[in-house]
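Residue-level structural notes
Spelled out from the first residue to the last, the chains are:
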Amino acid sequence: MKKMNKIILIGNITKDLEIKYTKNGKAIVEFNLAVRRDKDVTDFINCVVFGMQAENLNKYQGKGSKIAVSGEYRIDIYDKTDGTRGYSHYVLANEIEYLSTKQKEEKEVVEEEKTMNNVFEEFGDMVENENLPF
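Since we're looking at a predicted model, the values are computed, not measured.

Definitions and cut-offs
Residues numbered from 1 in each chain as written. Predicted model: local features only at pLDDT ≥ 70, side-chain atom pairs only at ≥ 80, totals over all residues. Heavy atoms only, no water. Helix = DSSP H or I, 4+ residues; strand = E, 2+ residues; numbered from the N terminus. Polar contact = N/O pair within 3.5 Å; in protein donor to acceptor, adjacent residues only side chain to side chain. Contact = heavy atoms within 4.5 Å. Buried < 20%, exposed > 50% of the residue type's maximum accessible area, 1.4 Å probe, protein only. Core = buried A, V, L, I, M, F, W, Y, C linked by side-chain atoms within 4.5 Å. Pairing = 2+ DSSP bridges.

This part covers the side chain of glutamate 72. Within the secondary structure layout, glutamate 72 lies in strand β5 (residues 66–79). Polar contacts involving the side chain of glutamate 72 include one to the side chain of arginine 74, which spans 2.9 Å. When residues no more than four places from it in sequence are discounted, the contact partners of glutamate 72 are Lys3, Asn5, Ile7, Tyr90, Val91, Leu92 and Asn94.

On to the environment of arginine 37, then. Take arginine 37: it is sitting in strand β3 (residues 27–38). Residue class for arginine 37 comes out exposed when judged on its relative accessible area of 54%. With sequence-adjacent residues up to four places away left out, arginine 37 is seen in contact with Thr42 and Asp43.

Let's shift gears to the nonpolar core. Residues Phe31, Leu33, Val49, Leu57, Ile67, Val69 and Ile96 are the most contacted members of the largest nonpolar core, which totals 17 residues. Listed by contribution, the elements that provide at least two residues to this core are β1 (7–13), β3, β4 (41–50), α1 (51–60), β5 and β6 (85–98). Among all residues touching phenylalanine 31, those that are not within four sequence positions of it are Ile13, Leu17, Ile45, Asn46, Cys47, Val49, Leu57, Ile67, Val69 and Ile96.

Within a regular beta strand, the side chains point alternately toward one face of the sheet and then the other, so they alternate between its two faces. Alignment of β3 against β4, held across ten bridges, turns out to be antiparallel. Within β4, the residue paired with glutamate 30 across the bridge is valine 48. Here β4 runs beside β6; their pairing, made up of two bridges, is parallel. Of the residues in β6, the one forming a bridge with cysteine 47 is valine 91.

Okay, here's the thing in C-alpha cells:
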C-alpha cells in the first residue's frame, strides 16, 4: 500500500534551536516553522527532526533561517494529569533542505554596509562640495 501522508513546507525557523537527546542517545530538535499562507496570514507549524538531520540542523541553521521540510503530519494522543486527553500536532521531518541561513544573511548586510561606508569615505568630500564625479 502506498503512503499518502506527505507534507511539504517552506518557511523560516522562529526561535533559536536547542538539541536534546532521547534516553537511547538519539538527537532530537523540535522547532516552529513560520509558513506564509497568503499575504496577510502566517501559520506557525510545530516540527520535529531526529538523528543526524537534527544534529546538522542545530549546527548549520538558526532563528530566521529559511528551510524546506518534507515529512509526515502526526498527531500523538496522551493522557493529561487531570484525566483528560491531550493531542500533540506536528510534522515529523524526513528531509530538510537549507534555503538560507540567518547568519549568512546578516553577514551579507554587514559587508554591504562596510562597502557603502568605504564609498562614502572615498567620495564624501565630493558629495559635500557637490563635485560629484558622475
